[in-house]
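Structural overview
Okay, here's what each chain looks like letter by letter:
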Number of protein chains: 2
Amino acid sequence: MANSADVPAGSPRRRDARATRRRLLEAAADLFAERGYDAATVRDIADRAGANQALLFRYFGSKSALLTEVMAHNGQEQLRATPPEKLFETALRGMLTHRDKEPHDRSLAVYLRSIGGADGTETVKALGEEYVEVLATLSGAEDAALRADLAMAWLLGIGIMRVVVGREPLASADPDAVCELVLGLLGQLLDGTAAPEEEWPPEPGER
Amino acid sequence: MANSADVPAGSPRRRDARATRRRLLEAAADLFAERGYDAATVRDIADRAGANQALLFRYFGSKSALLTEVMAHNGQEQLRATPPEKLFETALRGMLTHRDKEPHDRSLAVYLRSIGGADGTETVKALGEEYVEVLATLSGAEDAALRADLAMAWLLGIGIMRVVVGREPLASADPDAVCELVLGLLGQLLDGTAAPEEEWPPEPGER
DNA sequence: CCCTTGTGTAAGCACCTGCTTACAAACGTT
DNA sequence: AACGTTTGTAAGCAGGTGCTTACACAAGGG
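Residues numbered from 1 in each chain as written. Chains lettered and ligands numbered in written order. Predicted model: local features only at pLDDT ≥ 70, side-chain atom pairs only at ≥ 80, totals over all residues. Heavy atoms only, no water.

Focus: the UniProt feature "domain: HTH tetR-type" (unreviewed entry) in chain A
The feature "domain: HTH tetR-type" (unreviewed entry), as given by UniProt, occupies residues 18–78 of chain A in the numbering adopted here. Segment residues 18–78 of chain A splits into 80% helix and 0% strand. End C-alpha atoms: 24 Å apart. (UniProt positions renumbered as here; feature names shortened; annotations may be inferred. Helix = DSSP H or I, 4+ residues; strand = E, 2+ residues; numbered from the N terminus.)

Some thoughts on the packing of helix H9 (residues 144–165) of chain B against helix H10 (residues 175–191) of chain B
Residues and elements named next belong to chain B. It is at 9 Å that the axes of H9 and H10 come closest, and there the two elements cross at 160°. On the basis of the axis angle, H9 is roughly antiparallel to H10. Like other packed secondary-structure pairs, H9 and H10 cross with a definite hand, here right-handed. Here Arg147, Ala148, Leu150, Ala151, Trp154 and Ile158 of H9 come into contact with H10, specifically with Val182, Leu185, Leu186, Gln188, Leu189 and Leu190. For the contact of H9 with H10, the class distribution of residues is 10 nonpolar, one polar and one charged. (Axes fitted to C-alpha atoms, helices over the stretch in contact; angles between N-to-C directions. Parallel < 35°, antiparallel > 145°, perpendicular 65-115°, else oblique. Left-handed = near helix turned anticlockwise from the far one by under 90°. Contact = heavy atoms within 4.5 Å. Nonpolar A, V, L, I, M, F, W, Y, C, P; charged D, E, K, R; others polar.)

Thoughts on the environment of Arg43 of chain A
Residue and element names in this part refer to chain A. With respect to the secondary-structure elements, Arg43 resides in helix H2 (residues 42–49). Overall, the relative accessible area of 54% leaves Arg43 in the exposed class. Once the C-alpha coordinates of Arg43 and Leu56 are considered, the two residues, 13 residues apart in sequence, prove to be 9.3 Å apart. (Buried < 20%, exposed > 50% of the residue type's maximum accessible area, 1.4 Å probe, protein only.)

Here we look at the protein's contact with DNA strand C
Around DNA strand C sit 23 residues in total, of which Thr41, Arg43, Gln53 and Lys63 of chain A together with Arg15 of chain B are the nearest. Within 4 Å of the protein, the atoms of DNA strand C are drawn from sugar and phosphate moieties in a proportion of 46%. In this structure, Arg43 of chain A approaches DNA strand C through a side-chain N or O atom, which is 2.9 Å from a base oxygen. Listed by contribution, the elements that provide at least two residues to the surface near DNA strand C are H2 and helix H3 (53–60) of chain A together with helix H1 (17–35) and helix H3 (53–60) of chain B. The leading source of residues in the surface near DNA strand C is H3 of chain B, at five residues. (Near = heavy atom within 4 Å. Polar contact = N/O pair within 3.5 Å; in protein donor to acceptor, adjacent residues only side chain to side chain.)

In C-alpha cells form, the structure reads like this:
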C-alpha cells in the first residue's frame, strides 16, 4: 500500500515487517489447522513462512499468543457474519466442504485438531463456547443449554470424523445428504419436539 | 510359602516380572486415558507403576506397542460382550458415568483424548472402526454406513464435550436425561425414519 | 562355590521443543 | 557519510522426549 515506487514491481520490499508478520500468521493458521496446535512447531511455521523463527517470537511473543491471534483473525468472522438460525448449517457445511486448497475458514479445523491437546487450548475452547451460546438461543426448550451442548457435540463429532479421522463414507459423502440427515434431527432436538419419553407430548406448542 | 521369612507377608516377591508388567499396563491405561497418548510420557507411566522406565521398553518394546497392548486389553471386552442393539447406549452411558476412580473401561477415554494426536493413533482409530461396523448393522436404510458414521460422530462428540472439554451443562447432566434425548433421535437416524424437510426420493441411488 | 539367567536401576544418547541472545545487514534521518 | 533504528540471521540454552546401555543384585542349578 504505502509502498515506495523505487522498488521493482516483483519484490515489494526486501525488508517488510508487516508482510513477514502476515506470512507468519498465514503459515501458523495452515499448520495449526493441519496438525493441531501441539504438533505444529514454531520451526515449521517459520519455515513455511520463509522467515526466521526468532521473528516469530519478536512479532508475537510466544507460540500460544500466535494461536490467539490466529483464532481471533480467522475465527469470529463467520460467527458474527452468520445469523444464529443459519449458524449450525453454515458451520456444518464449512466442515463438509473442507478443502485444503481453498482459503476457507481454518478456525474449525484448528479447533478440531487441537482439542485433545494439553497446552494453550483455552483459546480454541473459547471459540466453541461462543458457538454453543448462539446455538442455545435457538431452542425454546427448558433445557436449551443442554440441547445446545448436544448439538455442538454432534457438529464437533462430525467434523472430527470427517477432518481428522477421515472415516468413510462420511468423509466423502455429499454435503447436502449429510445436511439433510443431520439438520432434520437437530431441528427436533432444538425445538424440543424430540420426545424423551415414550409417548410424545400431544401439544408441541409451548413456544 | 516359598517365600523367605525376612520379607513381609504382603509382598509375595520382590522380583516379579509379571506383576511389574501388569502394573505398567495399568499405569499406561490410566495415563493414556487421562492425558492422551502423546501427552503421557513413558517416564510418568513408569513412575506411576513404581517401575523403572527401562523395564517398560524391555517388556513392551516401544511406547506405541504399549498403546496397542492397552487398547487390545481394555478395549474390545465391552465391544464383544455387548449385543449390537445395546452397543450405542452402553458406550454412551459408559462415557456419561465417567468416573476416574472406578475401574471402568478406559479405552473410550484413550480414544477421545488421542484422536487429535500425531503419532501412533492408528490403534485407537481401529477401535472406532469396530464400533461403527457394529452400528451399521443396526440400520436397515440404504445408506446405513453413512448413518452409522453420523451416529458414531455424535457419540464421539458427546464424549469429547464431556470428558475432554468438560462443557456445562453437558458434563454434569443426568445420564438418563442425555440418553433419552440422544437415543430417541438416534433411533430415527438408524431406522431411516428421520425425514428431512422434503419427501425422500424413492431411489436415492446416486453415490 | 561359581556361573548363568532373570529382574531392577542409573546414567546417558540423540533428538526435539519453545524461546533467547548476539550479531549482521538494510533502511531513514541528519 | 555517519548515525541509530528496524529487519533478518545463526547459534545456542534449558528442558523434555523416546529409547539404549552398562551395571548391580537376586535367584537357582551345576
